[in-house]
Structures are given as structure tokens and as C-alpha cells.
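Coordinate inspection notes
Next come the chains, spelled out residue by residue.
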Amino acid sequence: MFERISNGWQLAKSSWQVLMLDKELLVFPLLATGFYIGADNVQRSSPLELGMLFQAFGRDDIRTPLLILGGLLIGLVVAAWVVMMLFGMGMMGSMGGFGQGPGMGAGGPQSFVTPAMGAGFVVALLVQILIAMCMFFAVPLVAFDGVQPVEAVKTSFQASLTNILPFLAFLI
């Protein structure tokens, strides 16, 4: 039991370290809003100005919801990191890994690394696509339509799922 608690604590500390390394994720929605505001002005034949990039920082009506959206993004990234880490550990364990020598398979370490790395890459890619689906439309929904952050994430995911082929083409 105490080993599980220790492992859980280590995982929590690692997640916090990821958060500390990716602080820019918190302000990403604010900066992205600046790009959306600039694009909106260009579409309306208004001049494009450098100050538009930081306009969301000064707008009280959208600053807090966008920071909440940034917090949601951080939460999704940390959750994705945990899922990918657990998947990687499961792959290693199921293949007799963790440095146990003969369990690696007849081909030696090379036969172990290739399938695990390939499967890990696929899982990482799928998780990142899911995060992109959650955030793709969320920023403009919050900034322009005043949608609450959690509802914007849900709506973004649903809209991306509804338009999955164009969404995947855009990602490519």
C-alpha cells in the first residue's frame, strides 16, 4: 500500500515539474486571441497592429476565462503525459522489459525497442490529436462569443469530431 502512495506522490511531483516547464501554456490562449483579433481586423479591412497581439491581456471581460482555458490546457497536457507514461510502462512490462535481460525477446534489445517505441508514438500522436480537438475552436469561442471555458472545450471537441476529415487534413 505504501509503495502505491509513494508512486502516486512521485507521479504528482513529476506532473508538477511538467507544469513548471510549460508555464507558457497558461498564457497561450491570451496570445492566440491576439492572432485571432488581428485576423478578424484584416478580414474587416482594418489595419493590423502589433499591439493586437497583446490586446487580450488588457481586456477584463476575456482575460480570466482565457486564463482558465490555459489552466484546462495545462491539465489536459499533464493528463496526456500521465497516460503516455503509464502506457509506456505497460508496454515495457508486457514485453518483459524493465531491464530483465532474457525477457526482451530473441532479437535482443532491438526487438524490444521497435514495437514499444512505435506503439508509444501512436499513442502520443492520438493523445495530442485529442488535445488539439479540444482546443482548436475553444480560444475563439471564449474570446469572440463569450462561451465559458469548459463549454468551449466541449464544443471545440464536438465541432472537430463533426468535421474530422477537414480537421485531420488541416493537421497534416
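Not measured: the values here are computed from a predicted model. (Residues numbered from 1 in each chain as written. Predicted model: local features only at pLDDT ≥ 70, side-chain atom pairs only at ≥ 80, totals over all residues. Heavy atoms only, no water.)

Side note on the pattern of salt bridges
- Applying the stated rule across the entire model yields 3 salt bridges.
- Close ionic contact of R44 with D40 constitutes a salt bridge, the shortest N to O distance being 2.9 Å.
- Ionic pairing is found between R63 and D60, a salt bridge with its closest N-O pair at 2.4 Å. Placement of the pair is R63 and D60 together in helix α4 (residues 60-94), with a separation of 3 residues, close to one helical turn.
- A relative accessible area of 57% means that D60 is categorised as exposed. (Salt bridge = Lys/Arg side-chain N within 4 Å of Asp/Glu carboxyl O. Helix = DSSP H or I, 4+ residues; strand = E, 2+ residues; numbered from the N terminus. Buried < 20%, exposed > 50% of the residue type's maximum accessible area, 1.4 Å probe, protein only.)

A short note on the nonpolar core
- Grouped together as the largest cluster of nonpolar side chains are 20 residues, with contacts concentrated most on L66, L69, I131, M135 and V153.
- Those elements that provide at least two residues to this core are α2 (24-43), α4, α5 (109-135), α6 (138-145) and α7 (149-162).
- Apart from the residues lying within four places of it in its own chain, the contact partners of V153 are L69, L72, C134, M135 and A138. (Core = buried A, V, L, I, M, F, W, Y, C linked by side-chain atoms within 4.5 Å. Contact = heavy atoms within 4.5 Å.)

Quick word on the layout of surface pockets
- A volume near 170 Å³ is recorded for the largest pocket.
- If you trace the largest pocket, you find it lined by F28, A32, Y36, L73, A132, M135, F136, V139, F170 and L171.
- When residues of the lining of the largest pocket are traced back to their parent elements, those giving at least two are α2, α5 and α8 (164-171). (1 Å grid on protein atoms, 1.4 Å probe; cavity = no way out; pocket = protein on both sides within 12 Å on 5 of 7 lines; lining within 4 Å. Points joined across faces, edges and corners; volume = space filled by probe spheres on them.)

As for the packing of aromatic side chains
- Under the counting rule described, the total for this entry stands at 4 aromatic pairs.
- Ring geometry for F136 against F137: centres 4.8 Å apart, planes inclined by 90°, an arrangement best described as edge-to-face.
- For the pair F136 and F167, a centre-to-centre distance of 5.3 Å together with 90° between the ring planes defines the contact as edge-to-face. Taken as a pair, F136 in the loop between α5 and α6 and F167 in helix α8 lie far apart in primary sequence, 31 residues in all.
- Under the relative-accessibility criterion, F136 is labelled partly exposed at 27%.
- According to the relative accessible area criterion, F167 is buried, its value standing at 4%.
- Every member of this aromatic cluster is reached through a ring pair, and the members are F136, F137, F167 and F170. (Phe/Tyr/Trp six-rings, centres within 6.5 Å; stacked < 30°, edge-to-face > 60°.)

Structural notes on the side chain of S156
- With respect to the element layout, S156 can be found in helix α7.
- Residue S156 is classed as buried on the basis of its relative accessible area of 0%.
- Of note is the side chain of S156, whose polar atom sits 2.8 Å from the backbone oxygen of M133.
- In contact with S156, not counting residues within four places along its chain, are M133, C134, M135, F136, F137, A138 and L141. (Polar contact = N/O pair within 3.5 Å; in protein donor to acceptor, adjacent residues only side chain to side chain.)

Some details on the packing of α6 against α7
- Look at α6 against α7: their axes get within 8 Å of each other, and the N-to-C directions meet at 135°. The pairing of α6 with α7 is recorded here as oblique in orientation. Considering the relative orientation of α6 and α7, their crossing is right-handed. Across from A138, L141 and V142 in α6, the residues of α7 making contact are P149, A152, V153, T155 and S156.
- Taken together, the residues of the contact of α6 with α7 break down into 6 nonpolar, 2 polar and no charged. (Axes fitted to C-alpha atoms, helices over the stretch in contact; angles between N-to-C directions. Parallel < 35°, antiparallel > 145°, perpendicular 65-115°, else oblique. Left-handed = near helix turned anticlockwise from the far one by under 90°. Nonpolar A, V, L, I, M, F, W, Y, C, P; charged D, E, K, R; others polar.)

Section: the confidence of the model for the protein
- Overall, the prediction assigns the protein a mean pLDDT of 77, with 67% of residues at 70 or greater.
- Between the elements of the protein, mean pLDDT differs from a low of 57, seen in helix α1 (residues 2-21), to a high of 95, seen in α7. (pLDDT = per-residue confidence, 0-100.)

A closer look at a nonpolar patch on the surface
- Judged by side-chain polarity, F121, V122, L125 and L126 come together as a nonpolar surface patch covering roughly 400 Å² of accessible area.
- Tracing the sequence through the fold places F121 in helix α5.
- Judged by relative accessible area, which is 55%, F121 ranks as exposed. (Patch = residues over 30% accessible without salt bridge, like charges linked within 9 Å, V, L, I, M, F, W, Y side chains within 5 Å. Areas by Shrake-Rupley, 256 points an atom, 1.4 Å probe, with all protein chains shown as cover.)

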